[in-house]
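Now for the letters of each chain:
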Amino acid sequence: MGKTDLNSTKVLAHVQHFVNPAGERLFADWFEHVGELLKREARGLLSIRRIASVAGGACCNVLVEFDSLENMKHWAASQAHADMLAKLTPYAQRSYESNLFQIMRQFSAESAD
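Residues numbered from 1 in each chain as written. Predicted model: local features only at pLDDT ≥ 70, side-chain atom pairs only at ≥ 80, totals over all residues. Heavy atoms only, no water.

Student: Looking at this structure, I do not really get the sheet that holds strand β3 (residues 60-66). What am I missing?
Tutor: Sheet strands line up and pair through hydrogen bonds in the backbone, either parallel or antiparallel. Strand order across the open sheet formed by four strands is β2-β3-β1-β4, with antiparallel pairing between neighbours. Taken across any chain shown, the strands that pair with only one partner, and hence form the sheet edges, are β2 (45-51) and β4 (97-102). With direction set aside, neighbouring strand axes in the sheet form an average angle of 15°. Bridge count between strand β1 (residues 11-17) and β4: six bridges; the pairing is antiparallel. Following the sheet pairing, Ala 13 is matched in β4 by Leu 100. (Pairing = 2+ DSSP bridges. Helix = DSSP H or I, 4+ residues; strand = E, 2+ residues; numbered from the N terminus. Axes fitted to C-alpha atoms, helices over the stretch in contact; angles between N-to-C directions.)

See the structure below:
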């Protein structure tokens, strides 16, 4: 299998925010603000989702999908991204963690991608 150019394929970031109970209460409103901000300012944004582990857990999870690694990096380096993260800093129990994934193949119930 050949190497894929990450600037021409979709990428997904799973971001975990480890916040205290006050941060957990704030997170829903914060996420709504972030979603609107991303829709306005993040080029190549495909989706943003708030997810939760079925087993529970002490972190707030976000999935963000971009059309390319280049566009995801552009967003991550932006002042808007830094400002957004700063709003959670007072509630952070530790630094957030993120993992990047390349979307290799996708099937959905709505279409045969």
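Moving on, there is more to tell.
Student: What exactly am I supposed to notice about the layout of surface pockets here?
Tutor: A probe as big as a water molecule, rolled over the atoms, marks out the empty space that is left. If you add up the space inside the largest pocket, you get close to 310 Å³. Going through the elements one at a time, β1, α1 (21-41), β3, α2 (69-76), α3 (79-86) and β4 are the ones with two or more residues in the lining of the largest pocket. In terms of residues, the lining of the largest pocket owes the most to one element, α2, which gives five residues. Partitioned by chemical class, the residues of the lining of the largest pocket number 17 nonpolar, three polar and one charged. Of the volumes computed, that of the second largest pocket is approximately 170 Å³. (1 Å grid on protein atoms, 1.4 Å probe; cavity = no way out; pocket = protein on both sides within 12 Å on 5 of 7 lines; lining within 4 Å. Points joined across faces, edges and corners; volume = space filled by probe spheres on them. Nonpolar A, V, L, I, M, F, W, Y, C, P; charged D, E, K, R; others polar.)

Function cannot be read off these values alone, since they describe shape.
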